[in-house]
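# Survey of secondary and tertiary structure
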Amino acid sequence: MPNFTRHQIAYNLLSALRGAGLGVRDEFEGRQEPTSWFFRCLAYDQSELDIMESGAIEALHAPSALVEVSLDEVALAAAAIGPEGLISYLSWGTDDEPFGGGPPPNESQALALEFHPDVHLGYLSIDVAPPSLWMEERRSDPESNEALARRLAAMAQQVGGVCDVVEVHIEGALDASDDGWADRTAEVRPAGVSVHFTLEIPLAGTGERELSMRFDDGAHTAAAAIEGMRLVFQRLSAGER
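Residues numbered from 1 in each chain as written. Predicted model: local features only at pLDDT ≥ 70, side-chain atom pairs only at ≥ 80, totals over all residues. Heavy atoms only, no water.

## Observations concerning the packing of helix H6 (residues 142–159) against helix H7 (residues 208–237)
- Relative orientation of the contacting elements H6 and H7 amounts to 155°, with a least axis distance of 10 Å. Here H7 runs roughly antiparallel to H6, going by the angle between their axes. Considering only the axes of H6 and H7, their crossing is right-handed. Contacts between H6 and H7 pair Ala147, Leu148, Arg151, Leu152, Met155 and Val159 from the former with Thr221, Ala224, Ala225, Gly228, Met229, Val232, Phe233, Arg235 and Leu236 from the latter.
- Class assignment of the residues belonging to the contact of H6 with H7 gives a composition of 11 nonpolar, two polar and two charged. (Axes fitted to C-alpha atoms, helices over the stretch in contact; angles between N-to-C directions. Helix = DSSP H or I, 4+ residues; strand = E, 2+ residues; numbered from the N terminus. Parallel < 35°, antiparallel > 145°, perpendicular 65-115°, else oblique. Left-handed = near helix turned anticlockwise from the far one by under 90°. Contact = heavy atoms within 4.5 Å. Nonpolar A, V, L, I, M, F, W, Y, C, P; charged D, E, K, R; others polar.)

This is the structure:
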């Protein structure tokens, strides 16, 4: 098994994003619970990130991808030491002493110890969203909202073929009209739009090569979804349905 570390995994993710033509603006890491660690970054098309760094950020209207890898640190440790290493942490009991004191497993038993196929080393999550200005410029009518949802769903299915989960998230926002919140004719506009992708990283069978391939899949999905998001809004702005 590979000697994975959290920061090596984060570095491999950043390398995959660079390889897909994406640049990273912000990075975060932290702990969600005692045995869960995450690394999160905000990715843009590299050419647009260069515009940001030139100080023209206010002129930039670009989709972005929030990319997060979350790790089960128990699984991470198990990946580092392998099934054989886990044996040294276990106590083998007998019928009379079920909680310890028994002999260690023999060689054939040790070779039979494997990681459960349902256990995951972690998950790679990608949320691609448009800039807020694009949403503010949209009309608030049911036909336009349906067109947006339909196009985003088609785009997500097209670019997310290697992913384990593909979702389109659209939150509705209701603005008060001149007659106040009680106006039943008020229309709901889409807000909080994003396309979500999840790639599972199994513990069993994942080495450095497999992990890099999974990150490459995620990075290219993020890059394709950013361009797909841009195309969706361009076509809707041009009046296509």
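## Remarks on the side chain of arginine 230
- Looking at the element boundaries, arginine 230 is found in helix H7.
- Among the polar contacts made by the side chain of arginine 230, one reaches the side chain of glutamate 48 at a distance of 2.7 Å.
- When neighbours within four sequence positions are excluded, arginine 230 is seen to be in contact with Asp45, Glu48, His61, Ala62, Pro63 and Trp134. (Polar contact = N/O pair within 3.5 Å; in protein donor to acceptor, adjacent residues only side chain to side chain.)

## Comments concerning the packing of aromatic side chains
- A complete count under the given rule lists one aromatic pair for this structure.
- Between the aromatic rings of tryptophan 134 and phenylalanine 233, the centroid separation amounts to 5.3 Å while the plane-to-plane angle is 45°, which identifies the pairing as tilted. Remark: phenylalanine 233 occurs in helix H7 and tryptophan 134 occurs in helix H5 (residues 132–136); sequence separation between them is 99 residues. (Phe/Tyr/Trp six-rings, centres within 6.5 Å; stacked < 30°, edge-to-face > 60°.)

## What to know about the layout of surface pockets
- Taken as a whole, the largest pocket encloses approximately 230 Å³ of empty space.
- Taken together, 12 residues line the largest pocket, and the ones lying closest to its centre are Glu137, Arg138, Phe233, Leu236 and Ser237.
- With five residues, the single largest contributor to the lining of the largest pocket is H7.
- In terms of residue class, the lining of the largest pocket is built from three nonpolar, four polar and five charged. (1 Å grid on protein atoms, 1.4 Å probe; cavity = no way out; pocket = protein on both sides within 12 Å on 5 of 7 lines; lining within 4 Å. Points joined across faces, edges and corners; volume = space filled by probe spheres on them.)

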